[in-house]
Amino acid sequence: MRWWNETVAIFDDVIPFGLAAPLSLLLAAIVGVLWHTFPAWLPGRWRLGSRKRGREPDLRIEKADRPAVDEDQPEADELPPLAPEVYLSQADRYAAEGRWAEAVRERLRAMVRELVDRGVVEHVPGWTVTELARAAGGTRPELGPALDGATRIFSGIWYAQRPATAGDDELMRGHLATVHELVRGGR
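Residues numbered from 1 in each chain as written. Predicted model: local features only at pLDDT ≥ 70, side-chain atom pairs only at ≥ 80, totals over all residues. Heavy atoms only, no water.

A.B. asks: Explain the overall build of the protein here, please?
C.D. replies: Within the protein, the secondary structure is distributed over seven helices and zero strands. Element order for the protein, N to C, with α for helix and β for strand: α-α-α-α-α-α-α. Per-residue burial over the protein gives 26% buried out of 187 residues. Taking the intrachain contacts of the protein between residues at least 6 apart in sequence as the baseline, contacts between residues at least 24 apart amount to 56%. Only carbon and sulfur atoms are counted for the fraction: they give 59% of the accessible area of the protein, which is about 13500 Å². (Helix = DSSP H or I, 4+ residues; strand = E, 2+ residues; numbered from the N terminus. Buried < 20%, exposed > 50% of the residue type's maximum accessible area, 1.4 Å probe, protein only. Contact = heavy atoms within 4.5 Å. Areas by Shrake-Rupley, 256 points an atom, 1.4 Å probe, with all protein chains shown as cover.)

In structure tokens form, the structure reads like this:
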């Protein structure tokens, strides 16, 4: 205990207790805030477990070092070769499990796939759902209300992070049926 008393005495000679107490409380508060927000304040490369979450470091590979591309796998900018029915089947599975947000997303994917397959819009990598709905509504104005409704539901759930409900899935089914009827019946 003598070393502690001597350390406190040396510290008290440099900084008086009246100033040391608030400084130590401030230091404790800063440490508490940093602890509470950990790891948000760390740069991404120093975060613990970043590989576990699927974040891999950005490793640049020269074209000569790249492995051969599998012919069956689509490129990143290519639309997957799935029929709308596959997306609908997955959406129904998600809905049966009560995973409404995923069900809404798969129904929108089925809608987009049908619009591309039927030639209403061209596949443009990087388009948002709003841009796609605007393009499809410009090509076929009768699709506008259904696509706008589907876009609002999807954006509210996935971007505004509103909880999805069975009602959202039911509305999405209605929008999909409308798009399906107009696209297949209109050509």
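A.B. asks: I'm lost on the packing of helix α5 (residues 129-139) against helix α6 (residues 144-158) in this one. Help?
C.D. replies: Describing two packed helices takes the angle between their axes plus the distance from one axis to the other. Running from amino to carboxyl end, α5 crosses α6 at an angle of 175°, the nearest separation of the two axes being 9 Å. Between α5 and α6, the angle is such that the two are roughly antiparallel. Two secondary-structure elements touch here, α5 through Val-129, Thr-130, Ala-133, Ala-136 and Gly-137 and α6 through Gly-144, Leu-147, Asp-148, Thr-151, Phe-154 and Ser-155. Classifying every residue of the contact of α5 with α6 by side-chain character gives five nonpolar, five polar and one charged. (Axes fitted to C-alpha atoms, helices over the stretch in contact; angles between N-to-C directions. Parallel < 35°, antiparallel > 145°, perpendicular 65-115°, else oblique. Nonpolar A, V, L, I, M, F, W, Y, C, P; charged D, E, K, R; others polar.)

A.B. asks: What is the right way to look at the pattern of salt bridges in this model?
C.D. replies: Pairs may arise between side chains of opposite charge once their charged atoms sit close together. Across all of its chains, the model carries 15 salt bridges by this definition. With its nearest N and O atoms 2.9 Å apart, the salt bridge here joins Arg-2 to Glu-6. Placement of both Arg-2 and Glu-6 in helix α1 (residues 2-14) is noted, with a separation of four residues, approximately one turn of the helix. Residue classification places Arg-2 among the exposed positions, given a relative accessible area of 63%. The residue Arg-107 makes a salt bridge to Asp-169 at a minimum N-O spacing of 2.6 Å. Placement of the pair is Arg-107 in helix α4 (residues 100-117) and Asp-169 in helix α7 (residues 166-185), with a sequence separation of 62 residues. Arg-107 gets classed as buried once you look at its relative accessible area, which sits at 2%. Among the charged side chains, a network of salt bridges with common partners joins Asp-92, Arg-107, Asp-169, Glu-170 and Arg-173. (Salt bridge = Lys/Arg side-chain N within 4 Å of Asp/Glu carboxyl O.)

A.B. asks: Explain the packing of aromatic side chains here, please?
C.D. replies: Working definition: an aromatic ring pair is given by the centre-to-centre distance plus the angle between the planes. A complete count under the given rule lists three aromatic pairs for this structure. Measuring from centroid to centroid gives 5.9 Å for Trp-3 and Trp-4, while their planes differ by 85°, and the two rings are edge-to-face. For Trp-4, a relative accessible area of 46% translates into the label partly exposed. Each ring, one from Phe-154 and one from Tyr-159, has its centre 5.8 Å from the other, and the planes form 85°; the classification is edge-to-face. Judged by relative accessible area, which is 9%, Phe-154 ranks as buried. Taken together, the ring pairs connect Phe-154, Trp-158 and Tyr-159 into an aromatic cluster. (Phe/Tyr/Trp six-rings, centres within 6.5 Å; stacked < 30°, edge-to-face > 60°.)

A.B. asks: Can you walk me through a nonpolar patch on the surface in this structure?
C.D. replies: A grouping of Leu-19, Leu-23, Leu-26, Ile-30 and Leu-34 is seen on the molecular surface, where their side chains present a nonpolar patch of about 430 Å² in accessible area. You can see Leu-34 is positioned in helix α2 (residues 17-37). In this structure Leu-34 comes out as partly exposed when scored by relative accessible area, which is 36%. (Patch = residues over 30% accessible without salt bridge, like charges linked within 9 Å, V, L, I, M, F, W, Y side chains within 5 Å.)

A.B. asks: Explanation requested: the nonpolar core in the structure shown.
C.D. replies: Within soluble globular proteins, side chains that are nonpolar tend to cluster in buried spots. Leu-115, Leu-147 and Val-179 are the most contacted members of the largest nonpolar core, which totals 23 residues. For this core, the elements supplying multiple residues, two or more each, are α4, α5, α6 and α7. Setting aside chain neighbours within four positions, we find Leu-147 in contact with Met-111, Leu-115, Ala-133, Ala-136, Gly-137 and Val-179. (Core = buried A, V, L, I, M, F, W, Y, C linked by side-chain atoms within 4.5 Å.)

A.B. asks: I would appreciate a short explanation of the side chain of His-175 in the present structure.
C.D. replies: Within the secondary structure, His-175 sits in helix α7. For His-175, a relative accessible area of 18% corresponds to the buried category. Among all residues touching His-175, those that are not within four sequence positions of it are Met-111, Ala-146, Gly-149, Ala-150 and Ile-153.

So far we have only geometry, and geometry alone does not tell us how the molecule works.
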